[in-house]
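Geometric and topological summary
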Amino acid sequence: MTKVSEAGEVVKDELDPEAEARRLIALAQVRQYPDPALRMRAHEIEDFDGDLGRLVERMEQLLQDASGLGLAATQIGVLQRVFVFHADPEEEVVTLVNPRLADGSEERVTDDEGCLSLDSVVIPVERHERVVIEASDPQGNDVRLELEGLAARIVQHEIDHLDGILTLDRTTPEARREALATLRPQPVFVR
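First, a word on what this report is: a plain description of the structure on this page. (Residues numbered from 1 in each chain as written. Predicted model: local features only at pLDDT ≥ 70, side-chain atom pairs only at ≥ 80, totals over all residues. Heavy atoms only, no water.)

What follows is about the overall build of the protein. Helices and strands together make up the secondary structure of the protein, namely four helices and seven strands. Going from N to C terminus, the protein has its helices and strands arranged as α-α-β-β-β-β-β-β-β-α-α. The globule rule puts the C-alpha radius of gyration for 191 residues at 16 Å, and the 16 Å found for the protein is close to it. Every one of the 191 residues in the protein was classed for burial, and the buried ones make up 43%. Put simply, of all contacts in the protein between residues at least 6 apart along the chain, 65% involve residues at least 24 apart. Of the roughly 10500 Å² of accessible surface on the protein, a fraction of 47% belongs to carbon and sulfur atoms. Considering the protein, the positive charge centre built from 21 side chains and the negative charge centre built from 40 side chains are found 8 Å apart. (Helix = DSSP H or I, 4+ residues; strand = E, 2+ residues; numbered from the N terminus. Rg over C-alpha atoms; globule rule 2.2 N^0.38 Å. Buried < 20%, exposed > 50% of the residue type's maximum accessible area, 1.4 Å probe, protein only. Contact = heavy atoms within 4.5 Å. Areas by Shrake-Rupley, 256 points an atom, 1.4 Å probe, with all protein chains shown as cover. Lys, Arg positive; Asp, Glu negative; His and termini not counted. Charge placed at Lys NZ, Arg CZ, Asp CG, Glu CD.)

Right, here's the structure in full:
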């Protein structure tokens with residue numbers, strides 16, 4: 001998930017040239033729509049081993065470098081049920097393995113969402129205002145999080161990624177049409 005302003009615009013902090021270069025390199029490693037991996041359901045993780053640890057380290061670094069709020073393994077072509085997120089870049093990145101939505105509030109809120117896999121597209125998506133997430137940490141310990149607001153929105157977005165669901169599937173028909181028009185490759189005319 002990418003940062004979005006109150007006006008619904010993708011927020012691009014002013015980065016120094018080195019940080020901008022790292023951001024572009026990180027984004028080049030994130031699968032972009034319509035990559036088939038984005039539509040595939042990730043598999044449960046059974047082994048909490050060094051391979052998982054290395055995957056998590058890579059994802060945390062990509063999230064930081066890309067200036068994102070969340071990143072699911074499917075977004076880098078790995079069909080494993082793990083994602084990393086942070087609602088505030090000043091806070092530590094949280095990793096959730098085999099996450100599941102245990103409970104969602106009846107109160108739902110529509111807000112604009114961006115996505116690292118949807119190239120600057122921002123569309124309205126309705127989500128639970130509060131959620132309870134049950135998962136494991138990278139060492140296999142049980143985790144239960146009660147989240148609200150932006151943090152709740154981010155984890156719902158990332159769980160959708162693990163299920164092969166994109167924000168395009170959760171928005172209005174009009175917003176979907178506009179987003180698909182933006183994502184459609186544009187012809188290049190050469191003189």
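This part takes up the sheet that holds strand β3 (residues 94-104). Spatially, the five strands line up as an open sheet ordered β1-β2-β3-β6-β7, and their pairing is antiparallel. With one partner strand each, in any of the chains shown, β1 (70-72) and β7 (142-148) form the two edges of the open sheet. Within the sheet, the average angular offset between the axes of one strand and its neighbour, ignoring direction, is 40°. Against the sheet, helix α2 (residues 50-66) touches β1, β2 (82-85) and β3, its axis set at about 35° to β2. (Pairing = 2+ DSSP bridges. Axes fitted to C-alpha atoms, helices over the stretch in contact; angles between N-to-C directions.)

Between helix α1 (residues 17-28) and α2, the least distance of the axes is 7 Å, while the angle of their chain directions is 130°. As judged from the angle between their axes, α1 and α2 are oblique. In this structure, α1 crosses over α2, and the sense of that crossing is left-handed. Across the interface between the two elements, Arg22, Arg23, Ala26 and Leu27 of α1 pack against Leu62, Asp65 and Ala66 of α2. For the contact of α1 with α2, a count of residues per class yields four nonpolar, no polar and three charged. (Parallel < 35°, antiparallel > 145°, perpendicular 65-115°, else oblique. Left-handed = near helix turned anticlockwise from the far one by under 90°. Nonpolar A, V, L, I, M, F, W, Y, C, P; charged D, E, K, R; others polar.)

We now examine the pattern of salt bridges. Under the counting rule described, the total for this entry stands at 17 salt bridges. Arg127 is the salt-bridge partner of Asp160, the closest N and O atoms lying 2.7 Å from each other. With Asp160 in helix α3 (residues 149-162) and Arg127 in strand β5 (residues 122-128), this residue pair connects regions lying 33 residues apart in the sequence. Accessibility assignment for this pair places Asp160 and Arg127 in one class, buried. Via salt bridges that share partners, Glu113, Arg127, Arg153, Asp160 and Arg170 belong to a single interconnected network. (Salt bridge = Lys/Arg side-chain N within 4 Å of Asp/Glu carboxyl O.)

Mapped onto the elements of the fold, Asp65 is located in helix α2. Judged by relative accessible area, Asp65 falls into the buried class, the value being 18%. When residues no more than four places from it in sequence are discounted, the contact partners of Asp65 are Arg22, Arg23 and Ala26.

Counting 18 residues, the largest nonpolar core has Met59, Leu71, Ile76, Val82 and Val84 as its most contacted members. Looking at this core, the elements with two or more residues in it are α2 and β2. It is α2 that provides the largest number of residues to this core, a total of seven residues. In this view, Met59 contacts Leu71, Ala72, Ala73, Ile76, Val82, Phe83 and Val84; residues no more than four positions away in its chain are not counted. Within the second largest apolar cluster, 17 residues are counted, among which are Val131, Ile133, Leu147 and Ile154. (Core = buried A, V, L, I, M, F, W, Y, C linked by side-chain atoms within 4.5 Å.)

So, about the environment of Leu24. As for its position among the elements, Leu24 is in helix α1. Spatially, the C-alpha atom of Leu24 lies 25 Å from that of Leu150, the residues being 126 residues apart in sequence.

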